[in-house]
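Listed below, chain by chain, are the residues.
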Amino acid sequence: MSGRSQGWWLAVIVAAVVFGSVAWWSPRGGAGMWQRQVSPGPLSASHASLAQNCVGCHTPMQGADETKCVGCHAGASALLARQPTAFHADIATCTACHVEHRASTIRPSTMDHNALAEIGLTLLRRDEQNPSSRRVLAWIRAHEQADGDPLHPLVSPREAGLACATCHGTKDRHQQLFGADCATCHATTSWTVAGFQHPSPRSVECVQCHRAPPSHYMEHFRMVSQPAARQPEARVDQCFVCHQTTSWNDIRELGWYKHH
């Protein structure tokens, strides 16, 4: 091939590359042809406005950039003020629990307690000079080697190291009667305790597990609760006199009673 022919073919190739690049990056192709080619799926409804702005969340050659997540969400005062979500203030790892590009109708958050525990371990390792951090790390290592902790049989040792009450204290239906170590009875997959059997309906030791609502310590108890249950002599600590084990609103000799 002559030098002139080689030059001509080289010019054609360069022109094709330049034209292809322009077409690939050009916004005239909708969201940009390159974005349509590499996008793994639609964003969630809350992030839909970023559908044509990949660099709003991603850094080239690195993927999702969590510093950009923090940049947008650092001012979410409502999130940081609520007890169940306040832990986000100390976490800079977002993608372990928040996954986008699944669909606009699917929530992008999936709670993964093991991922949260791993983030906590990372923070503890950075602070391993602190005696309390060393103790927690040593406890987790020991129970991982022992293949579990007998006091927390339903969760992994890493999950057992989480302080459940810091997030779930506002959801404690036991009103602190059973303490703050939720993992002794509950798994992280569900609040329901598999295999739990309520004591006999004939039991009179209800106050070991149950605490009366505030209204029972007010005039409401004498004026409403006792007459409704037809038990004028009932005491607040005698749950079994009025209530049945099927439900708090299932009143003996009266049936289902909705008083509010």
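See the structure printed just above.
Described below are features of the structure shown in this document. On a predicted model such as this, the values are computed, not experimentally measured, just so you know. (Residues numbered from 1 in each chain as written. Predicted model: local features only at pLDDT ≥ 70, side-chain atom pairs only at ≥ 80, totals over all residues. Heavy atoms only, no water.)

**Overview of the overall build of the chain**
- On a plain count of helices and strands, the chain comes out with 10 helices and five strands.
- The long-range share in the chain, meaning contacts at least 24 apart out of those at least 6 apart in sequence, stands at 43%.
- As presented, the chain carries roughly 18,500 Å² of accessible surface, and 60% of it is formed by carbon and sulfur atoms. (Helix = DSSP H or I, 4+ residues; strand = E, 2+ residues; numbered from the N terminus. Contact = heavy atoms within 4.5 Å. Areas by Shrake-Rupley, 256 points an atom, 1.4 Å probe, with all protein chains shown as cover.)

**So, helix α5 (residues 113-126)**
- With 14 residues, α5 extends 20 Å from end C-alpha to end C-alpha; this agrees with the ideal 20 Å at 1.5 Å per step.
- Of all the positions in α5, only His113, Ala115, Leu116, Ala117, Ile119 and Leu121 are classed as buried.
- Looking at where α5 begins, the residue whose side-chain oxygen comes 3.1 Å from the main-chain nitrogen of Asn114 is Asp112. (Expected span 1.5 Å × (residues − 1). Buried < 20%, exposed > 50% of the residue type's maximum accessible area, 1.4 Å probe, protein only. Polar contact = N/O pair within 3.5 Å; in protein donor to acceptor, adjacent residues only side chain to side chain.)

**Details of the pairing of strand β4 (residues 247-251)**
- Where strand β3 (residues 243-244) and β4 come together, two bridges link them in antiparallel fashion. Bridge pairing in β4 links Gln244 to Ser247.
- Between β4 and strand β5 (residues 255-256), which pair antiparallel in sequence order, lie three residues; one of them, Glu253, sits at a positive phi of approximately 60 degrees. (Pairing = 2+ DSSP bridges.)

**Comments concerning unusual backbone geometry**
- One non-glycine residue, Asp147, adopts positive backbone phi at about 65 degrees.
- In this structure, Asp147 sits in the loop between α6 (131-145) and α7 (157-160).
- What makes Asp147 exposed here is its relative accessible area of 73%.
- Positive phi outside glycine occurs at Gln176, with the angle close to 70 degrees.
- With respect to the helices and strands, Gln176 occurs in the loop between α8 (164-168) and α9 (219-229).

**Details of the sheet that holds β3**
- An order of β3-β4-β5 is seen for the three strands of this open sheet, with the pairing classed as antiparallel. Across the chains shown, the open sheet's two edge strands, defined by having one partner strand only, are β3 and β5.
- Relative to β5, β4 runs antiparallel, the two sharing two bridges. Looking at β5, one finds that Asp250 is bridged to Trp256.

**Here's the deal with the packing of α5 against α6**
- Between α5 and α6, the least distance of the axes is 9 Å, while the angle of their chain directions is 130 degrees. Considered as vectors, α5 and α6 are oriented oblique to each other. Helix-helix and strand crossings are classified by hand; for α5 and α6 the assignment is left-handed. In this structure, α5 uses Leu121, Leu124 and Arg125 to contact α6, whose residues at the interface are Ser133, Val136, Leu137 and Ile140.
- Broken down by class, the residue content of the contact of α5 with α6 amounts to five nonpolar, one polar and one charged. (Axes fitted to C-alpha atoms, helices over the stretch in contact; angles between N-to-C directions. Parallel < 35°, antiparallel > 145°, perpendicular 65-115°, else oblique. Left-handed = near helix turned anticlockwise from the far one by under 90°. Nonpolar A, V, L, I, M, F, W, Y, C, P; charged D, E, K, R; others polar.)

**Some remarks on α9**
- Within the sequence span of α9, burial applies to Phe221, Ser225, Gln226, Ala228 and Ala229. The buried residues of α9 all sit within an arc of 160 degrees when viewed along its axis, so they share a single face. Exposed side of α9, more than 90 degrees from the buried face: Arg222 and Met223 are the residues found there.
- At its buried positions, α9 is contacted by α10 (239-242) and β4.
- Downstream of α9 by a residue or two, Arg230 has a phi angle that is positive, lying close to 60 degrees. (Arc of directions from axis to C-beta.)

**Some words on the side chain of Glu66**
- With respect to the helices and strands, Glu66 occurs in helix α3 (residues 66-73).
- One buried charged residue, Glu66, remains without a salt bridge, the closest side chain of opposite sign being Arg126 at 9.2 Å.
- At 3.0 Å, the side chain of Glu66 and the backbone nitrogen of Cys94 are in polar contact. (Lys, Arg positive; Asp, Glu negative; His and termini not counted. Salt bridge = Lys/Arg side-chain N within 4 Å of Asp/Glu carboxyl O.)

**Considerations on the pattern of salt bridges**
- If you walk through the whole model with that rule in mind, you get six salt bridges.
- The residue Arg235 makes a salt bridge to Asp237 at a minimum N-O spacing of 3.1 Å.
- On the accessibility criterion, Arg235 (47% relative accessible area) is partly exposed.
- The network of salt bridges with shared partners includes Glu118, Arg125, Glu144 and Arg158.

**What about the state of the cysteines?**
- A complete count under the given rule lists zero disulfides for this structure.
- As a non-bridged cysteine, Cys72 has Cys57 as the owner of its nearest cysteine sulfur, 6.8 Å distant.
- Cys185 takes part in no disulfide bond, and the closest cysteine sulfur to it belongs to Cys182, at a distance of 9.1 Å. (Disulfide = S-S within 2.5 Å.)

As far as function goes, none of this settles anything; it's purely spatial.
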